[in-house]
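# Per-entry structural report
The residues making up each chain are set out below.
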Amino acid sequence: MSKENSATSRREFLKLAGVAAPAAVAVAVTGATPAEASAPKSGSGYRRTEHVEKYLKSTRF
Amino acid sequence: MASGEAAAQALVAEEDVLRAGMYDMLAGLLARPPRRDLIERVAGLEGDGSEMGRAVRSLARIARGTSESSVEREFNRLFIGLGRGELVPYASYYMTGFLNEKPLALLRADMARRGIARAANVFEPEDNIASLCEMMAGLILGRFGVPEPLSGQRDFFAQHIGAWAGHFFTDLEGAKESVFYAPVGATGRVFMAIEREGFRLAA
C-alpha cells in the first residue's frame, strides 16, 4: 500500500470510528483551566481568600 | 485555548484535532474530579451508532443524571481511597506491578528529550493516565513546539500507553465504584483500540 493510500484509509477509518463527538468538550477543558484558577468564587459562604490561605498555612492545616 | 495553538492547529489534519480532543477530554476527566461546567459539557455530547458513539452517548446520559459532588466522591473512591483507591492508574504499576519503576524512568527520559516537564505544582508521577493523555494531545497539536509527526506519536503511544491503557480503561469500566466513570472507561477503551488500529493503518 502506498503512503498516500494508507493516509487516506487511516483518515476514513478515524472518521467512521466516531472520534468527533468530544471535540466540543475538549475546547472547554483546555480553555477553562487558567480562568478557573484565578476567578474567586462568588457567593456569601466561606471564602478562601489570600488572608485565609495565609492563616491555614500558618497552622499547617 | 492559546492563539499560538490555534495557529498550529491549522496545520494539523481535522481527524487529528479530533483525536487530540478525545485525549483532552479523557485527561480532563481523569486528572481531577471534573467541575460542574465540564460535567455539563459532557452531558451535551452526542454519538452515532458506532461503538464509540454508543460509549459517548451513555457517558452523556450518566453525566446528565449526576452532580459535581457525587462524581467527586466516586473519583476519590476510585483513585484516592483510604490507603489507595480501587484502581492505580499508572503505567509503571500496570506494566510492572510497582509504582515508580522502569516505565516511569523511560517516560521521564522521553519527556526530557521532547522538552516536556511536569508542572511545578503537581507531585504525582508523570506516568499516570491523565498526564499521558494530556501529553498525547499536546504532541498531536504541537503544544510542546511543533505538531509531532504521526510516526513520533506512534512511538510515544507504543512505548508509554499502548501496552496498558486499554487494560486500565477496561478495569475502570468494570470497577466496583464506577458509575460516571464506567462509560468514561468504555470511551477510553474503545478509543485506545481506535488509536492502535489508526497507527497500524498509517504504518
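How each quantity is defined
- Residues numbered from 1 in each chain as written.
- Chains lettered and ligands numbered in written order.
- Predicted model: local features only at pLDDT ≥ 70, side-chain atom pairs only at ≥ 80, totals over all residues.
- Helix = DSSP H or I, 4+ residues; strand = E, 2+ residues; numbered from the N terminus.
- Buried ≥ 20, exposed ≤ 12 C-beta atoms within 10 Å, placed from the backbone.
- Core = buried A, V, L, I, M, F, W, Y, C linked by C-beta atoms within 7 Å.
- Contact = placed C-beta atoms within 7 Å.
- Nonpolar A, V, L, I, M, F, W, Y, C, P; charged D, E, K, R; others polar.
- Axes fitted to C-alpha atoms, helices over the stretch in contact; angles between N-to-C directions.
- Parallel < 35°, antiparallel > 145°, perpendicular 65-115°, else oblique.
- Left-handed = near helix turned anticlockwise from the far one by under 90°.
- pLDDT = per-residue confidence, 0-100.
- Expected span 1.5 Å × (residues − 1).

When you go through chain A residue by residue, the secondary structure sums to 3 helices and 0 strands. The order of α-helices and β-strands along chain A, N terminus first, is α-α-α. The buried share of chain A, reckoned over its 61 residues, is 21%.

On to the nonpolar core, then. Side chains of nonpolar character tend, in soluble globular proteins, to be buried together. Residues A:Val19, B:Cys133 and B:Met136 are the most contacted members of the largest nonpolar core, which totals 60 residues. Aside from chain neighbours lying at most four places away, what touches A:Val19 is A:Leu14, B:Leu18, B:Arg19, B:Met22, B:Met52, B:Phe191 and B:Ile194.

With that settled, consider unusual backbone geometry. All names here are of chain B. The backbone phi angle of Asn 100 is positive, close to 55°, even though this residue is not glycine. With respect to the secondary-structure elements, Asn 100 resides in the loop between α6 (91-96) and α7 (102-114). Judged by the 13 C-beta atoms lying within 10 Å of it, Asn 100 is partly exposed.

Moving on to the environment of B:Glu173. All names here are of chain B. Position of Glu 173 among the secondary structure elements: in helix α10 (residues 165-174). Counting along the chain gives 16 residues from Glu 173 to Arg 189, while the straight-line C-alpha distance between them is 8.4 Å. If sequence neighbours within four positions are ignored, Glu 173 has contacts with Ser 178, Ala 182, Gly 185, Ala 186 and Arg 189.

The interface is formed by 28 residues belonging to chain B together with 25 residues belonging to chain A. Of all elements in the fold, only α2 (14-30), α3 (36-43), α4 (51-64) and α11 (181-202) of chain B reach the threshold of two or more residues within the side of chain B that touches chain A. Per element, the largest residue contribution to the side of chain B that touches chain A is 9 residues, and it comes from α2(B). Here the side of chain B that touches chain A is composed, by residue class, of 14 nonpolar, 6 polar and 8 charged.

This next bit is on the packing of α4(B) against α11(B). All names here are of chain B. Two elements in contact, α4 and α11, have axes separated by 8 Å at closest approach and are oriented at 160°. By the angle between their directions, the pair α4 and α11 is classed as roughly antiparallel. The interaxial crossing formed by α4 with α11 has left-handed handedness. On α11, the residues that touch Glu 51, Met 52, Ala 55, Val 56, Ser 58, Leu 59 and Ile 62 of α4 are Pro 183, Val 184, Ala 186, Thr 187, Val 190, Phe 191 and Ile 194.

On to the confidence of the model for chain A. Interpretation of the predicted coordinates at a detailed level should be avoided for regions scoring low in pLDDT. Residues and elements named next belong to chain A. Taken as a whole, chain A shows an average pLDDT of 67; of its residues, 56% reach a score of 70 or greater. Ranking the elements of chain A by mean pLDDT puts helix α2 (residues 23-38) last, at 50, and helix α1 (residues 3-17) first, at 82. Residue range residues 31-41 is modelled with pLDDT below 50. Its contacts to residues more than four positions away, or to other chains, number 4 contacts.

Turning to helix α8 (residues 129-141) of chain B, a few remarks are in order. Residues and elements named next belong to chain B. Look at α8: 18 Å from first C-alpha to last across 13 residues, which is about the 18 Å you get at 1.5 Å a residue. Within α8, 12 of the 13 residues are buried, which leaves the element mostly enclosed by the surrounding structure. Taken together, the buried positions of α8 are Ile 129, Ser 131, Leu 132, Cys 133, Glu 134, Met 135, Met 136, Ala 137, Gly 138, Leu 139, Ile 140 and Leu 141. Looking one or two places after α8, you find Gly 142, whose phi comes out positive at around 80°.

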